[in-house]
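# Coordinates in review
Each chain is listed here by its residues.
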Amino acid sequence: CRRGLELSPVNATAKAWTHFHLARCYARRGRKAEAIRHVEQALARQRSSRKSTEPGQRKSELSQDDLADAEHLLEQLQKGNG
C-alpha cells in the first residue's frame, strides 16, 4: 500500500488518486484507521484541487466515479463496515 504513495508525483493534487487507492487497500486489509486517514486526505486534496486556479491542477482530480466511491468508502468505514 505505502509504496504507491512513495512513487506518486510530488504535486499534492496528483496524490488525491493515490490516497484514495491506498485507502481502499488498507480497508481490504482491515486497517480501518489508515483507510480513513487516506480517504479523508484524498477528499481534502480533491477539494483543494477544485479550488485551485492553476491550469494543471485539475488534471489530477478524482473521476466522478472515484469521488463517489471515496465518499461511500468513508461512510462505510465510519459506520464500522469497511
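Refer to the structure printed above.
Residues numbered from 1 in each chain as written. Predicted model: local features only at pLDDT ≥ 70, side-chain atom pairs only at ≥ 80, totals over all residues. Heavy atoms only, no water.

## Considering the overall build of the protein
What counts, and what does not: Strands are runs of DSSP state E lasting at least 2 residues, helices are runs of H or I lasting at least 4, and numbering of each runs from the N terminus. Burial classification: accessible surface area is computed with a 1.4 Å probe over protein chains only, and a residue below 20% of its type maximum counts as buried, one above 50% as exposed, and the rest as partly exposed. Any two residues having at least one pair of non-hydrogen atoms within 4.5 Å are treated as being in contact. Accessible areas in this description were obtained via Shrake-Rupley with a 1.4 Å probe; residue shielding takes into account the shown protein chains only.
Regarding its fold elements, the protein presents four helices and zero strands. Counting helices and strands in the order they occur from the N terminus, the protein gives α-α-α-α. Burial statistics for the protein: of 82 residues in total, 40% are counted as buried. A sequence separation of at least 24 residues applies to 55% of the contacts in the protein between residues at least 6 apart. In the form shown here, the protein has an accessible surface area of approximately 5100 Å², with 47% of it arising from carbon and sulfur atoms.

## What about the environment of Glu 34?
Filter applied, for reference: Polar contacts, as counted here, are pairs of nitrogen or oxygen atoms within 3.5 Å of one another; within protein the pair requires one atom able to donate a hydrogen and one able to accept it, and residues that are adjacent in sequence qualify only if both atoms are side-chain atoms.
Residue position: Glu 34 is located in helix α3 (residues 32-51). Taking the C-alpha atoms as reference points, Glu 34 and Leu 22, 12 residues apart in sequence, are found 8.6 Å from one another. At 3.0 Å, the side chain of Glu 34 forms a polar contact with the side chain of Arg 31.

## Focus: helix α4 (residues 64-79)
Convention followed: Expected span, for any helix, means 1.5 Å times one less than how many residues it has.
For α4, spanning 16 residues, the distance from its first C-alpha to its last is 23 Å, which sits close to the expected 22 Å at 1.5 Å a residue. Regarding α4, the residues found buried are Asp 66, Leu 67, Ala 70, Leu 73, Leu 74, Gln 76 and Leu 77. Elements that come into contact with the buried residues of α4 comprise α2 (15-28) and α3. Where α4 terminates, the next one or two residues include Gly 80, which has phi positive at roughly 90°.

## What to know about the nonpolar core
Generally speaking, a soluble globular protein has its nonpolar side chains buried in company with each other. Note the following rule: To qualify as a nonpolar core, a set must consist of buried Ala, Val, Leu, Ile, Met, Phe, Trp, Tyr and Cys residues joined through side-chain atoms within 4.5 Å.
Among the nonpolar cores identified, the biggest contains 17 residues, and Val 39, Leu 62, Ala 70, Leu 73 and Leu 77 are the most heavily contacted of them. Looking at this core, the elements with two or more residues in it are α2, α3 and α4. Apart from residues lying up to four places away in sequence, Ala 70 is in contact with Phe 20, Val 39, Leu 43 and Leu 62.

Interpretation note: all reported values are geometric properties and have no functional meaning in isolation.
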